[in-house]
Amino acid sequence: MKSKIFAVGSIVCILALAISFHIVSRINDRVPKNPSGTVGNTSGNLYNGGIFCENDGYVYFANAYDNNALYRMRPDESEMTRLIASQTASINADGKYLYYYQQGSGSGTGLGYVINTTGIYRAEKENPRKLACLDRIFGKNVVLIDNALYYSCIENDATTNKIDIDGENKEVVFDFDVLPTCVYDSTLYYANNKDDQHLMAFTPETGLTRQALIDDIYMPIVDGSSVYGIDVHNGYALVCVNLYNGTRTTLDTEWTDMLNVTDGNYIYYQTAGKTPQLKRIYKDGSHMEVVSEGAYNAIHVTSNFVYFNGFGSTIPVYKTPVNGAVNVTTFDAAATAAAAAMTPNKK
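What counts as what
- Residues numbered from 1 in each chain as written.
- Predicted model: local features only at pLDDT ≥ 70, side-chain atom pairs only at ≥ 80, totals over all residues.
- Heavy atoms only, no water.
- Pairing = 2+ DSSP bridges.
- Helix = DSSP H or I, 4+ residues; strand = E, 2+ residues; numbered from the N terminus.
- Axes fitted to C-alpha atoms, helices over the stretch in contact; angles between N-to-C directions.

## Description of the pairing of strand 9 (residues 131-135)
Part 1 of the reasoning: Relative to strand 9, strand 8 (residues 119-124) runs antiparallel, the two sharing 4 bridges. Paired with Tyr 121 across the strands is Cys 133, a residue of strand 9.
Part 2 of the reasoning: Two successive antiparallel strands, strand 8 and strand 9, enclose a turn made up of 6 residues.

## Description of the sheet that holds strand 8
Part 1 of the reasoning: Taken in spatial order, the 7 strands line up as 1-2-3-4-5-8-9 in an open sheet, and their pairing is antiparallel. Strand pairing shows two members of the sheet lacking a second neighbour, strand 1 (52-55) and strand 9, which therefore form its edges. Here the strands of the sheet are splayed against their neighbours by 45° on average, with no regard to which way each runs.
Part 2 of the reasoning: Two elements, strand 4 (residues 81-93) and strand 5 (residues 97-102), share 4 bridges in a ladder whose sense is antiparallel.

## Focus: the sheet that holds strand 16 (residues 198-203)
Part 1 of the reasoning: If you walk across this open sheet you meet the 7 strands as 14-15-16-17-18-19-20, and the pairing is antiparallel. Both outer strands of the open sheet, strand 14 (182-184) and strand 20 (248-252), are each paired with one neighbouring strand and no more. Ignoring which end each strand starts from, the neighbouring axes of this sheet average 40° apart.
Part 2 of the reasoning: As defined by bridge partners, strand 16 adjoins strand 17 (residues 208-223) across 6 bridges and the pair is classed as antiparallel. Across the sheet, the residue bridging to Thr 203 is Leu 208, located in strand 17.

So, in structure tokens, the structure goes:
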């Protein structure tokens, strides 16, 4: 009798331990909520492809010297390491995770067998092999706002979609494609490319959309009361528009192709025309400087450097200090790290 009681007690204990382990595992796997106001990357970086993302003392970037594999480094380019070998873009980060768009495929077994790996992914910062595909779609332009990802979906009819960071509650936010990149004060700003190109403001918390400005501003970057962007009806000039009263200031009359805005004084931007130039200018329109002659794109800002590419090419990657004197050099540390990562270990 005692042996039966002991056996039953043992089974109960085992079941209790199993249930406890399952509960603990579920808790450990649960994606923690972000504090209100969390944004995964800067508007300017996301407009330029989201190739660089600075967060919690690190810069996460798609290394062009390694087929845009995901790397991590300190802002001074030290402690560089490869995290994920897949091709990445639209990088976002919160306290625990990285979110990004991955484009590519991997080979499987069998003739003609191909695994499509394109989609929106989440990976743990400290254990990047622990990743999850949140939505297997063809898209672009991912931005993290609080606890949801907003992104363009270009399959069939172009839409702007949303999914929670835990992979739940997928929905279509807009039945047309916008650039879901500009976020300020928990509000998503975008040019209404479905109708009149006016600046619109979408509040995720309420799901409501309103017109913020009647101005037609391309690549709007909201910084306090100022909206920096490209005036599509004024020769594509670089402008600053007051978000509250509509006052407009032209910063540069040259045709502007793209821009990025730093946390400090500068706007970095590319002009076109007979003499294309990468320039920088103070936000008030003063201290204009030429950074480099020629056509460039993919302008990304970190706390230490501004990185950019020659138009139509991904390497070499160029850089200049974000503040102080202009000094354009190449991103050699990334090339060195890529060569090391791609070289088989010799025994």
